[in-house]
Amino acid sequence: MKVHNKLFLTGYSLTLCFALVGCGGGATSTAASDDSTPPVSKTTYSVSGTVPGTLIEAFCKNGSYYSVNSTDDGSTNHPFTLELPKEVDCKFIMTTNEKDVDTSKHIVTPLLFNNGTTTSSYFQLSDDLDIGHVPLPMSGEGIQAPLTVSNSKVQVNSFSYDPLDTDNDGIPNVYEDDDNDGVVNKYDEDDDNDGILDTEDSDYANDSDGDGIENSYDQDDDNDSLNDSDDDDDDNDNIKDTDDDDYDSSNTTTTTTVVLPITYKADAGRLLGSQCAQCHGTNGISVNEWDSIAGEGDLANEIFEDDEPIMSAQAHGYTSEEITLIGNWLKTL
Amino acid sequence: MKTTHSNSRRDFMKFVGVSSLFAITPSIANAATIPHIVVVGGGFSGATCAKYLKMWGGSSVDVTIIEPNATYVSPILSNLVLNGQKTTANLSFTYGTYSSKYSINMVHSTVNSVDKTNQSLTLANGNTVKYDKLVLAPGIDFIKTNDYDITKIPHAWKAGEQTNLLKAQIDAMVDGDTFTMTIPAAPYRCPPGPYERACVVADYLKNTKGYSNCKVVVLDANAKIIVEEETFAATFASYGVDYRPSTTPTAVNDTTKTVTYTEGGTSKTLSSTVLNVIPNQKAAPVIFTAGVNSGNWAPINPLSYESVLNSGIYIIGDSQATGQPKAGHIGNSEAKVCADAILRTLSGVALYASPKTNSACYSPTSATSASWLTGVYKYDATTQTMVSSSFEAGAPSTSNYAKMFNWSGNLFSDTFA
């Protein structure tokens, strides 16, 4: 469901942060140096290339979905461009003969990406990417062998558990044919052939688009390319969410994200200090009137001077060396 | 419905690897696959572990939670549902924001089998999930004296529907009725919890309902009040709670609402308007399915929470066998030690040699007062166990009652937000 708030605020504060960091930081950015406009933090990047006449679909690990048809420019290599969210793992399915009304005649090709070290169906963007020409098969029917795109610049992540392909056979759940009736789930209005349309079937109530990610965790419940935070009709039943009593109201607002690290670095102070979070909040940021301790500059004294008996009971369980380790970590927050 | 077949997924497998674009590349074996850590159970221990694995390990690990319920109801504070100060909705947590914030895969299903050789789980939904490290945080299971209907004799020791059932039964009581609860033999989930419940219910009947003739009977399988003895003994006395230690239930009858128990070698039967039997406890079923139990619980190495019976499988929270109490706060605490140990192991870094955990619990003793209990546990290298390094209790007060919500608020947030 669409909710008009936060987005703008978030965008504003991000820009502001960036500007402040820019003032204090060194000259690390070379882009747009001849431009007085502050750098804008991009949330999407484009992936482009050329294909035969093709439907290009991206299925992403957070449940979001994007698609575009290639542009017929008269040549055999039709260009396409698709905007995808930054640093989200997505996979491509490309369909030729996509205009045939008999969907069993569609020629469906999953892509694999190889960057020299890793091969996987999942890639993610932290910059625009041109994958060149993809020579998709033009004959055959149904699911084809995957095509591998080799590109050393692309971030490729391989997962042993793939929520979008739960049997791990290389075919996304939406392109499986669960009831073996010759119509893949994506185009089948009754995936399990029980005589109840999927839209009315309680078996599919938790996963409207059948992509394998339950609606509560799916950024795009109906795979209509509109993320639920921008979609007036999350389950695509033509009843607006405001009038609909059966859509999943999760993912309707843009949520705050945290910056996750790329790699793990052991830190004894952080491990010990994380044990303060039960009472003082994650990373020392309390959600109520109890003290936030992030940035605490004098833990060694503060921890014993606290007038809460439960705090001093805890404090006496730690050595001064441990308190120093915790205090040093808190100063970094 | 069409009957013509396109290429089936079986035919497809024959073609794998045939065509490629710029280069022929192997598409099956892949050394760079991101380690997959599966956490079974999304309660205080499991949700904390998954969150901290991603918060500290980031994109170097892929984390999936397998949890049967889409909504978790906290047992912490759930005695306040009984006296109407909270609802189970107030204590409910979902995983939508949480999972997208930390990029955690959520699967709502249960584990049917554990294949330790191939490191994979078979789920009730039919899917197979492979793991590189397996964290089991499944909570507790009950050891009932006999087969009886828990909708008639609720335990209310896993929060949710059971809590509301017990509340409805208490609310149906009239003056002169009897509320009887049984306290299981230690170890069980939340040591002060049953004593706290007896106080809250006695206070509710007497002071909220105004029933001066209701009886509250406590049958304790333990020889004495096992925590905060002074606090609970004094509070029981003030409410006139009939406390009977060393009483072991042997049979429960849901038709007659009676409990049969032994006391001093004699078998007795007690009838009660409301009967709240909290059975003895053991580790949850998946611990036995995985074969990582020794007796009723799962022995682990406290430096990592890795099973001493199976490497690569970790057990945190109520199911593990250390002497640390079984409760949500310390489950959260253990989860961080476990998450850090798994990340160290995956990174080839030695385990942290002297981890600390802590326990804290505020217990309501009436609608306006609460006591507290807290402890710090340190690793003792000689015995290779967690031992108490500081332990204190605070007497009931109205100010502690207010602070109880600061404690639970940050604990809930550190776990589920």
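The rules behind the values
Counting of residues starts from 1 at the beginning of each chain's written sequence and follows it residue by residue. For this description, chains carry letters from A and ligands carry numbers from 1, given in the order in which they are written. For a predicted model such as this one, the threshold for reporting local features is a pLDDT of at least 70, and the threshold for listing and counting side-chain atom pairs is 80 or more; totals across whole chains, interfaces and linings nevertheless cover every residue. Side-chain descriptors were evaluated using all non-hydrogen atoms of the structure, hydrogens and water having been removed beforehand. The domain boundaries here were taken from an automatic or database domain assignment. Here, residues are in contact when the closest pair of their heavy atoms is within 4.5 Å. When two parts are put together, the accessible area they lose, computed with a 1.4 Å probe and summed over both, is reported as buried area. Just to be clear on terms, a salt bridge is a Lys or Arg side-chain nitrogen sitting within 4 Å of an Asp or Glu carboxyl oxygen. Contacts described as polar in this section are N or O atom pairs within 3.5 Å, which, within protein, must combine one atom able to donate a hydrogen with one able to accept it, while residues neighboring in sequence count only if both atoms come from side chains. Helix and strand assignments come from DSSP, with helices taken as H or I runs of at least 4 residues and strands as E runs of at least 2, each series counted from the N terminus. Here a helix's expected span is defined as the number of its residues, less one, multiplied by 1.5 Å. Any two strands with at least two DSSP bridges between them are considered paired. Helix axes are fitted only over the stretch in contact, all axes being lines through C-alpha atoms; the angle between N-to-C directions runs from 0 to 180 degrees. Cysteine sulfur atoms that come within 2.5 Å of each other are treated as a disulfide pair. Any residue under 20% of the maximum accessible area for its type is buried, any over 50% is exposed, and the rest in between are partly exposed; the area is computed with a 1.4 Å probe on protein chains only.

*Asks:* Would you mind going over the domain arrangement of chain B with me for this structure?
*Replies:* How big an interface is tends to be expressed through the accessible area that disappears when the partners come together. All names here are of chain B. Structurally, chain B comprises domain 1 (36-139 + 284-416) and domain 2 (148-280). Relative placement of domain 1 and domain 2: their C-alpha centres are 27 Å apart. With 30 residues of domain 1 at the interface, the matching set in domain 2 holds 27 residues. For the pair domain 1 and domain 2, the summed buried area comes to about 2200 Å², and 62% of that belongs to carbon and sulfur atoms. When the buried area of domain 1 at its contact with domain 2 is split by residue, Asn-79, Leu-82 and Thr-365 rank highest and sum to 28% of it. Scanning the region where domain 1 abuts domain 2 turns up one salt bridge. The residue Asp-318 makes a salt bridge to Arg-189 at a minimum N-O spacing of 2.6 Å. Scanning the region where domain 1 abuts domain 2 turns up ten residue pairs in polar contact (both at pLDDT 80 or more).

*Asks:* Mind showing me how you'd approach helix α9 (residues 328-347) of chain B here?
*Replies:* Because each turn of an α-helix spans 3.6 residues, side chains separated by three or four positions end up pointing in the same direction. Taking 1.5 Å as the rise per residue, α9 of chain B with 20 residues should run 28 Å; its terminal C-alpha atoms sit 29 Å apart, in good agreement. Just downstream of α9 of chain B, Gly-348 of chain B is the residue with a positive phi angle, here 75°.

*Asks:* Help me understand the pairing of strand β8 (residues 120-123) of chain B, please; the structure alone is not making it clear to me.
*Replies:* As a general feature of sheets, a regular strand has side chains that alternate between the two faces. Residues and elements named next belong to chain B. Pairing of strand β7 (residues 111-115) with β8, which is carried by four bridges, proceeds in the antiparallel orientation. Note on β8: the bridge partner recorded for Ser-113 is Thr-122. Where β7 folds back onto β8 in an antiparallel hairpin, the turn is made up of four residues, including Gln-119, whose phi is positive at roughly 50°. Once β8 ends, the chain turns through four residues before running back antiparallel as strand β9 (residues 128-130), passing Gly-126 with a positive phi of about 95°.

*Asks:* Which parts of the structure should I look at to understand the sheet that holds β8 of chain B?
*Replies:* What links the strands of a sheet is backbone hydrogen bonding, and the strands pair in either a parallel or an antiparallel sense. All names here are of chain B. Overall, antiparallel pairing links the three strands, which are arranged β7-β8-β9 in an open sheet. The open sheet has two edge strands, β7 and β9, and neither has a second partner. On average, each strand axis in the sheet is inclined to that of its neighbour by 20°, with strand direction left out of account.

*Asks:* What am I meant to see in the state of the cysteines here?
*Replies:* Under the criterion given, the structure shown has one disulfide over all chains. Here Cys-60 of chain A is linked by a disulfide to Cys-90 of chain A, with a sulfur-sulfur distance of 2.1 Å. Taking the sign of the S-S torsion, about 100° here, the bridge from Cys-60 of chain A to Cys-90 of chain A comes out right-handed. Of this pair, Cys-60 of chain A sits in strand β2 (residues 54-60) while Cys-90 of chain A sits in strand β5 (residues 90-96), and the two are 30 residues apart along the sequence. Look at Cys-60 of chain A and you get buried, because its relative accessible area is 0%. What makes Cys-90 of chain A buried here is its relative accessible area of 1%. Looking at Cys-279 of chain A, it has no disulfide partner, and the nearest cysteine sulfur is the one in Cys-276 of chain A, 8.9 Å off. Here Cys-49 of chain B is not disulfide-linked; the sulfur of Cys-338 of chain B is the nearest cysteine sulfur, at 4.3 Å.

*Asks:* How should the domain arrangement of chain A be read in this particular structure?
*Replies:* What the domain assignment lists for chain A is domain 1 (44-173) and domain 2 (268-331). When each unit is reduced to the centre of its C-alpha atoms, the spacing between domain 1 of chain A and domain 2 of chain A is 49 Å.

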